[in-house]
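Remarks on the overall topology
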Amino acid sequence: MASGLDPYIRAKLLAFRARFRGLVFLRGFCCGVLAILGGLLILSLADYLIVMEDRARYVLSSGMYLAAILITWIACIRPLLRVLDNRELAAMMEREEPVLKSKLLSAVELAEESSDHESELFRKQAQRMVIEDLHGLEMGRLLPAKLVRVWLIAAVVVVLVTGAMTAFSSGRTLLVRALVPMANIDRVSRNKILVLTPEGGNVIWAENSDEEIIIQVRGPKLKEMPFLFVEWGEGQKQKAVFKPATGQAVEDKYITSVAVKSQDMIYRIHAGDAVSRRYTVRSKQRPQIISYEKLYDYPSYTRRNTVTKKEDNGNLDALVGTKVKLVLYLNQPVKTATMRLIAGSVTNNRVFIPINAKKWELNLENEFAKEGNDSYKVDLNSTEGLENNAPVEYFIRAKSDEKPKVKIIQPDSGVTKRPEFIIQIIGEVADDIGLEKLEQQYRVNQAEWKTVPTNYLSGSFPTNKVVKFGWDLLDLDELKTNDEVETRLVVTDRGGSRLTKSLPVRIKVDSEVLTDNRTRNKKIGQIRNLVGSIEQAVKATEKFLNALPEDLKDLKEPKNISMATDAIDNIRAAQGAWNQAVDE
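A brief look at the structure comes next. (Residues numbered from 1 in each chain as written. Predicted model: local features only at pLDDT ≥ 70, side-chain atom pairs only at ≥ 80, totals over all residues. Heavy atoms only, no water.)

Attention shifts here to the overall build of the protein. Broken down by element type, the protein carries 10 helices and 29 strands. Expressed as a percentage of its 584 residues, the buried residues of the protein come to 39%. Long-range contacts, defined as pairs at least 24 residues apart, comprise 67% of the intrachain contacts of the protein with a sequence gap of at least 6. For the protein, the exposed area adds up to about 34300 Å²; of that, 52% sits on carbon and sulfur atoms. (Helix = DSSP H or I, 4+ residues; strand = E, 2+ residues; numbered from the N terminus. Buried < 20%, exposed > 50% of the residue type's maximum accessible area, 1.4 Å probe, protein only. Contact = heavy atoms within 4.5 Å. Areas by Shrake-Rupley, 256 points an atom, 1.4 Å probe, with all protein chains shown as cover.)

This next bit is on the sheet that holds strand β21 (residues 405-410). Spatially, β21-β23-β26 is the arrangement adopted by the 3 strands of the open sheet, whose pairing is antiparallel. Each edge of the sheet is formed by a strand with only one pairing partner; in this case those strands are β21 and β26 (464-471). Here the average twist between neighbouring strands, direction ignored, is 25°. (Pairing = 2+ DSSP bridges. Axes fitted to C-alpha atoms, helices over the stretch in contact; angles between N-to-C directions.)

Within the element layout of this structure, Ala-155 appears in helix α7 (residues 149-166). Classification of Ala-155 as buried rests on a relative accessible area of 8%. Put simply, Ala-155 and Ala-35 are 120 residues apart on the chain and 9.3 Å apart in space, counted from C-alpha to C-alpha. Discounting chain neighbours no more than four positions away, the residues touching Ala-155 are Cys-30, Val-33 and Leu-34.

As a further point, take the side chain of Asp-493. The topology assignment puts Asp-493 in strand β27 (residues 484-493). For Asp-493, a relative accessible area of 0% puts it in the buried group. With residues near it in sequence (within four places) discarded, Asp-493 still touches Asp-401, Glu-402, Pro-404, Asp-431, Gly-434, Leu-435, Glu-436 and Arg-498.

The omega torsion of the bond from Thr-197 to Pro-198 falls at 0°, within 30 degrees of zero and hence cis. Structurally, Pro-198 is set in the loop between β1 (192-197) and β2 (203-206). Of note, the bond from Gln-410 into Pro-411 is cis; its omega dihedral lies within 30 degrees of zero at 5°. Mapped onto the elements of the fold, Pro-411 is located in the loop between β21 and β22 (415-417). Its identity as a non-glycine residue notwithstanding, Ala-390 has a phi of 50°, on the positive side. Looking at the secondary structure, you find Ala-390 in the loop between β19 (372-382) and β20 (394-399). Despite not being glycine, Gln-446 has its phi angle at roughly 60°, a positive value.

Okay, the sheet that holds strand β7 (residues 253-259) next. A sheet is described by the order of its strands in space; here 4 strands give the open sequence β1-β3-β7-β6, paired in antiparallel fashion. Unpaired on one side and paired on the other, β1 and β6 (243-244) mark the two borders of the sheet. Here β6 pairs with β7 via 2 bridges, running antiparallel. Paired with Lys-243 across the two strands is Ile-255, which belongs to β7.

All right, on to α7 then. With 18 residues, α7 should reach 26 Å at 1.5 Å per residue; the first-to-last C-alpha distance of 26 Å fits that figure. Along α7, the residues classified as buried are Ala-155, Val-158, Thr-162 and Met-165. Down the axis of α7, the buried side of the element spans an arc of 85°, and every buried residue falls inside it. Packing partners of the buried residues in α7 comprise α1 (7-49) and α8 (169-179). (Expected span 1.5 Å × (residues − 1). Arc of directions from axis to C-beta.)

This next bit is on the pairing of strand β10 (residues 279-284). What you see with β10 is a clean split: Tyr-279, Val-281 and Ser-283 sit on the buried side and Thr-280, Arg-282 and Lys-284 on the side with no burial. Where strand β8 (residues 265-271) meets β10, 3 bridges bridge the pair, whose relative direction is antiparallel. In the sheet register, Tyr-267 faces β10, and the bridge partner there is Tyr-279.

Note on terminology: a disulfide is the covalent bond linking the sulfur atoms of two cysteines. Evaluation of the coordinates by the stated rule reveals 0 disulfides. Among the cysteines around Cys-30, which has no disulfide bond, Cys-31 carries the closest sulfur, lying 7.0 Å off. You can call Cys-30 buried: its relative accessible area is 2%. Judged by relative accessible area, Cys-31 falls into the buried class, the value being 8%. (Disulfide = S-S within 2.5 Å.)

Looking now at the pattern of salt bridges. Evaluation of the coordinates by the stated rule reveals 17 salt bridges. Arg-277 is paired through a salt bridge with Asp-186; the nearest N and O atoms lie 3.2 Å apart. With Arg-277 in the loop between β9 (274-275) and β10 and Asp-186 in the loop between α8 and β1, the pair connects residues that are 91 residues apart, well separated along the chain. The class of Arg-277 is partly exposed, set by a relative accessible area of 34%. Among the salt bridges present, the one from Arg-397 reaches Asp-317, with a minimum N-O distance of 3.4 Å. Remark: Asp-317 occurs in strand β13 (residues 316-319) and Arg-397 occurs in strand β20; sequence separation between them is 80 residues. Here the salt bridges share partners, and the residues they tie into one network are Asp-54, Arg-57, Arg-268 and Arg-278. (Salt bridge = Lys/Arg side-chain N within 4 Å of Asp/Glu carboxyl O.)

On to the pairing of β8. Among the 7 residues in β8, 5 count as buried, and that is most of the element. Two elements, strand β4 (residues 227-232) and β8, share 6 bridges in a ladder whose sense is antiparallel. Along β8, the bridge assignment pairs Phe-229 with Arg-268. If you look at the hairpin formed by β8 and β9, you'll find 2 residues sitting between the two strands, and Gly-272 has a positive phi there, around 60°.

Let's shift gears to α8. Since there are 3.6 residues in each turn of an α-helix, residues three or four apart along the chain are aligned in direction. When α8 is considered as a whole, its buried residues turn out to be Gly-171, Leu-174, Leu-175, Arg-177 and Ala-178. For α8, the angular spread of the buried residues around the axis is 160°, confining them to a single face. Buried positions along α8 lie against α1, α2 (54-81), α7 and β8.

Right, let's get into the environment of Gly-272. By the element assignment, Gly-272 lies in the loop between β8 and β9. Placed 80 residues apart in sequence, Gly-272 and Lys-192 show a C-alpha to C-alpha distance of 8.9 Å. The contacts of Gly-272, once residues within four sequence positions are left out, are Asn-191 and Leu-222.

Structure, rendered in structure tokens:
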């Protein structure tokens, strides 16, 4: 601002500018309020009267916001950004006050321009005349508030109408839907939709299942059946139509079913002029058991170590008295895990103890206290409320310790044997746990049973075994020709309480050695020497045969001379052994 302008005139110009900018701001603010609130009211009315697609509502709300921004820019922001100099202010004041016409602008121009044609005295005289006219001039009279009265009244009316709408829940809903078109809110309508199942609409369901949705529709009678749209994945959409629910105590109930996918889904219900909010279905796997870990602690008498098995089935099979720990490995965290123990017509519940959210254990002892064949199922309840569907039934089998088995395979009963030869006895023994002791017993001519004094059959045996041993009848001092000898095998299990005897085998003795007691010991010695010589001759013969090559022609080869020499030496030894056996 030039220094030649009188301070009084400058102050009046500044006061006029402040008054003008204030009125411009007030008018612009009212225009903005009218644009945004008026647009909301119009959109709310349209939303109530017309069932619009979401896309149409998005476009209209975007247009409302754009119009409000443009109006506010044109009516408020842009005028305030304009810079007004003294000449423009003077011209504007002259338009509002006719007394100042051609005076104020001239005085301002003379003060701002330096020219040799006008004298300094003339400039001051012009400013004094303007100052006299400015005395008593009020800016409120020059720019009265009535200039923006219409805008103020319109804005107040719109604000009052909007405030009145907010006093009602439906009005607030309409305004929010217009202000935030993407908000997940039910449409305001005459019909009302109430989701009965699932309660509240939002739900977690098991994947790959068929679930029912039950609704109740209040309000005017429907002209067509309600329906819903299900959306999942990228743009995949499916329509499901409701049908009247039969057997319901309340009228206006409708039911439909949806197939739950492996992905989360969103569904929205349409009934009459009502459109529900978007409900979310979270798809989750049902809780299930991945594997079973079974720890068997057998009774001490079995001398078995603790056995751990990890299997994909839950069948439990153990000996009576066994302590079993069952550990479940799950596919997801669960809130509870319960065993339904089924014993005949009685069902008892046993609660698993959590090791962690996905690993639960249960100790079973009473279930194996006595012999029985029960079953069980495991009920799982996940942290999100899902249950395992149709749990598999597994057996719990407690078996008693079986009685051991034993039988003699050789020799056959009723045969006649010469005691000069060793009798080969072959037997089979078996037990489900293991054998503690195996004995051979015999009796002569129906006398008392006696035990063979030998250590060959002592010591523990595995569960199944074929036993072979030789029995020398000449060791029986009381044996005579034509006697009948019976023998049997006796087995005892590891528990020590179960003993089994095999069927006896009868052997008739026929030998000249046992006819004369005076020469008995001498003949027995001779027989034993003969048997020893024969055994020696057999071994020598085997050594000779082993020394020979596979092909006898190879003996001609120079490299096999030592082999031929060994074979000759061995045949000589074998010949000598056989000669000795013959002599005896």
